[in-house]
Amino acid sequence: MEFLPLFHSLDGRQVLVVGGGDIALRKARLLNEAGACLKVVAPHVHPSLRELIEKSGGRLEERKYTAGDCAGCVLIVAATDIESVNIQVSQEAKMLGLPVNVVDSPALCTVIFPAIIDRSPLIIAVSSGGDAPVLARLVRAKLESWIPAAYGQLAGLAKKFRSQVKRRFDDVQARRVFWEEVFQGEIGEKVLSGQALQAEHLLTKKLEGEVSAVRGEVYLVGAGPGDPDLLTFRALRLMQQADVVLYDRLVAPAILDMCRRDADRIYVGKKRSEHVVPQDQINQLLVDLARQGKRVLRLKGGDPFIFGRGGEEIEELAAQGIAFQVVPGITAASGCAAYAGIPLTHRDYAQSVRFITGHLKDDTCDLPWQDLTALGQTLVFYMGLVGLPIICEQLIRHGRAADTPAALIQQGTTAQQRVFTGTLKTLPQLVALHEVHAPTLIVVGEVVTLREKLAWFEGGQPAFNLDR
Ligand code: SAH
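Here the residue numbers are simple positions, counted from 1 along each chain's written sequence. Under the rules for a predicted model, residues below a pLDDT of 70 receive no local features and side-chain atom pairs below 80 are neither given nor counted, while totals for whole chains, interfaces and linings still include all residues. Think of the side-chain values as coming from all heavy atoms in the structure, minus any hydrogens and water.

The name given to the protein in an unreviewed UniProt entry is Siroheme synthase, with the source organism recorded as Pseudomonas duriflava.

Here is the structure:
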């Protein structure tokens, strides 16, 4: 081991920063976060650095570095672009036995800054010993996405209850088991999902020995429109800890594969007009599984609160007193629009956007057509493939111009994405000429024309367009 990782308390102690540019600023910010008292020596100083020094009550000496500047400091940082100065600072610090860091010159350093993952009070430091800082940063990026943002709050909880737990269990081993259960179980999950008070309540009960039977929980999670990369960190974390997964047809197999391997999987439908499991049975199943103490993942395409019946499912849970949390997902409108190069709003074309269900009960449909014809709004129809001819016809009949641009996006964000563009008049014919696969989304409005300039995602399938 070339460098020993240690964590340095700088609270209220003076740290010398030599240099006044961008890099000095970055180091100064970090040092300031760690509570250091800044002393900056540099002939020219970045305005933001000056501001930081003033705000934090530090000392600024606008001149060149001179021998003796290191005195009284507990850490020395040289961040100048003049090599001879960096060498001089390094030598003097070493002579005084003070830890010194020279930015980008490992040979002149006795200490180096790691890449930091800050989940205070939990801090993770990654270092390549100065050999490959970019690699250390990549590792950091991986850890950032893997460790939930609220993880540090678990330490906060531990701090608050530490002495109580110590009093309750004399035995170190018993304490360890207790805390493992807290961090990895329901209580930890409450902290991570922003329910700190409930977490404390449960912890108190656990301490009092009121360990009720294991209680299940339901995670209502949006899986996004198809591309697994569009999952949220939280969705992925819950997918990997659930005991059982209830999913429907819109959830892409690649996403399902990312769930915990040994989780039970239950398919609950649904194709258009073919509900494999009726909604009330799904609601009941969620309740029953949670009652058995299972962590139940209800995985839904897109966002669970947009045409996803997520509301209905958790209403039942709430009524039955079952714990749940909801994780939003990228809804089809956002995902498909982004991957098709069609901004849903644009200052020149659309000041509002409406999400509409195009699932028509019969040929006479009762959408508020009059409201949908105003200019300056983008319309997004979910579940509109079957109704496409009627939707286009009704919009024209109620006054939207026949040459209003319109697009149909098939299997958006996936390798099978295909985009058909035309107008309200031409789109239905264009789509009728091709074999189109669900799911599809319809976008109507001037913004569709932007695709000509902004299309970037190719998918695996050709796009089709009919000129206006
Ligand atoms: N909760 C989902 C919508 C469920 S309704 C969400 O927020 O996205 C199902 C409809 O969503 C489909 O009929 C289709 O119109 C749309 N949809 C979902 N994923 C899609 C995709 N990848 N490409 C195109 N449309 C999609």
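(A) Representation of the sheet that holds strand E8 (residues 217-222) within the structure. Read across the open sheet, the five strands follow the order E10-E9-E11-E8-E12; overall the sheet is parallel. Each having just a single partner strand, strand E10 (264-267) and strand E12 (323-327) make up the two edges of the open sheet. Strand-to-strand twist across the sheet, computed as the mean angle between neighbouring axes with direction ignored, equals 20°. Bridge count for E8 against E12 is five bridges, and the pairing is parallel. A pair of strands counts as paired when DSSP detects no fewer than two bridges linking them. Segments assigned H or I by DSSP are reported as helices when at least four residues long, segments assigned E as strands when at least two residues long, and all are numbered from the N terminus. All axes here are fitted lines through C-alpha atoms, helices being fitted over the stretch that makes contact, and every angle between N-to-C directions spans 0 to 180 degrees.

(B) Inspection of unusual backbone geometry at higher detail. In this chain, Ser120 is followed by Pro121 through a cis amide linkage whose omega measures 0°. As for its position among the elements, Pro121 is in the loop between strand E6 (115-119) and strand E7 (122-126). Of note in this structure, Asp104 is not a glycine but carries a positive phi near 65°. Within the secondary structure, Asp104 is located in the loop between strand E5 (100-102) and E6. Even without a glycine there, the phi angle at Met383 is positive, about 55°. Its place among the elements puts Met383 in the loop between strand E14 (377-382) and helix H15 (388-397).

(C) A look at the site of the ligand. The local shell around the ligand holds 18 residues, among which Asp303, Ile306, Thr331, Gly412 and Thr440 are the closest. At 2.7 Å, a backbone N or O of Ile306 approaches a nitrogen atom of the ligand. Between N or O atoms, a polar contact is any pair within 3.5 Å; within protein, one atom must be a potential hydrogen donor and the other a potential acceptor, and residues adjacent in sequence are included only when both atoms are from side chains. Contacts to the ligand include Ala332, whose backbone N or O atom sits 2.8 Å from an oxygen atom. Secondary-structure elements contributing two or more residues to the shell around the ligand are helix H13 (332-340) and strand E17 (440-444). Here the residues of the shell around the ligand sort into eleven nonpolar, six polar and one charged. Residues are counted as near a molecule or strand when any one of their heavy atoms sits within 4 Å of it. All amino acids are sorted into three groups, where Ala, Val, Leu, Ile, Met, Phe, Trp, Tyr, Cys and Pro are nonpolar, Asp, Glu, Lys and Arg are charged, and the leftover types, Gly among them, are polar.

(D) Focus on the sheet that holds E14. Strand order in the open sheet formed by six strands is E13-E14-E17-E15-E16-E18, with mixed pairing between adjacent strands. At either end of the open sheet lies a strand with only one pairing partner, and these are strand E13 (352-357) and strand E18 (464-465). Relative to E17, strand E15 (residues 405-410) is paired through five bridges, and the arrangement is antiparallel. Each residue of the ladder has a partner; that of Gln410, found in E17, is Thr440.

(E) Region of the structure containing the packing of helix H5 (residues 152-168) against helix H8 (residues 196-207). Contact pair H5 / H8: the axes reach a minimum separation of 11 Å and the direction vectors enclose 10°. As far as their axial angle goes, H8 and H5 are roughly parallel. Contacts from Leu157, Lys160, Phe161, Gln164, Val165 and Arg168 in H5 reach Glu200, Leu203, Thr204 and Leu207 in H8. By residue class, the composition of the contact of H5 with H8 is five nonpolar, two polar and three charged. By the definition adopted for this analysis, an angle is roughly parallel if under 35 degrees, roughly antiparallel if over 145, roughly perpendicular if from 65 to 115, and oblique otherwise. By definition, residues are in contact when any of their heavy atoms lie within 4.5 Å.

(F) Structural detail: the environment of Leu285. Counting through the fold element by element, Leu285 comes out in helix H11 (residues 279-291). Buried means the residue's accessible area, taken with a 1.4 Å probe over protein chains only, is under 20% of the maximum for its type, while exposed means over 50%, and partly exposed covers the values in between. Classification of Leu285 by relative accessible area gives partly exposed; the value is 26%. Expressed as a C-alpha distance, the spacing of Leu285 and Ala432, which sit 147 residues apart in the sequence, is 39 Å.

(G) Summary view of the pattern of salt bridges. In the sections that follow, a salt bridge refers to a side-chain nitrogen of Lys or Arg positioned within 4 Å of a carboxyl oxygen of Asp or Glu. Tallied over the entire structure, the rule returns 19 salt bridges. Ionic pairing is found between Arg140 and Glu144, a salt bridge with its closest N-O pair at 3.3 Å. With Arg140 and Glu144 both in helix H4 (residues 133-146), this residue pair falls four residues apart, about one helical turn. Notably, a salt bridge pairs Glu217 with Lys190, separated by 4.0 Å at the nearest N-O pair. With Glu217 in strand E8 and Lys190 in helix H7 (residues 186-192), this pair connects stretches of sequence that are 27 residues apart. Each member of the pair, Glu217 together with Lys190, is buried.

(H) Just the state of the cysteines, in detail. Pairs of cysteine sulfur atoms within 2.5 Å are what we label disulfides. Scanning all chains against the criterion turns up zero disulfides. Take Cys37: it sits in no disulfide, and the sulfur closest to it among the cysteines is that of Cys73, at 9.2 Å.

(I) View of the packing of helix H1 (residues 22-33) against helix H2 (residues 47-56). Where H1 meets H2, the closest approach of the two axes is 9 Å, and the angle between their N-to-C directions is 20°. Of the possible angle classes, the one that applies to H1 and H2 is roughly parallel. Crossing angle aside, the handedness with which H1 passes H2 is left-handed. Contacts between H1 and H2 pair Ala24, Leu25, Ala28, Arg29 and Asn32 from the former with Ser48, Leu49, Leu52 and Ser56 from the latter. With the far helix as reference, a near helix turned anticlockwise by less than a right angle produces a left-handed crossing, and one turned clockwise produces a right-handed crossing.

(J) Region of the structure containing the packing of aromatic side chains. In this analysis, rings of Phe, Tyr and Trp, with Trp reduced to its six-membered ring, are considered paired at centre separations within 6.5 Å, and the interplanar angle assigns stacked below 30 degrees, edge-to-face beyond 60, and tilted for intermediate values. Using the criterion set out here, one finds ten aromatic pairs in the structure. For the pair Trp179 and Phe183, a centre-to-centre distance of 5.5 Å together with 20° between the ring planes defines the contact as stacked. Of the two residues, Trp179 and Phe183 both sit in helix H6 (residues 172-184), four residues apart, roughly one turn of that helix. Residue classification places Trp179 among the buried positions, given a relative accessible area of 13%. Owing to a relative accessible area of 30%, Phe183 belongs among the partly exposed residues under this scheme. Here the aromatic rings of Tyr247 and Tyr267 are separated by 5.5 Å at their centres, their planes lie at 50°, and the arrangement is tilted.

(K) Inspection of the side chain of Asp248 at higher detail. Within the fold, Asp248 resides in the loop between strand E9 (244-247) and helix H10 (253-256). Among the residues examined, Asp248 registers a relative accessible area of 8% and is labelled buried. Reaching out from Asp248, the side chain makes a polar contact with the side chain of Arg298 at a distance of 3.3 Å.

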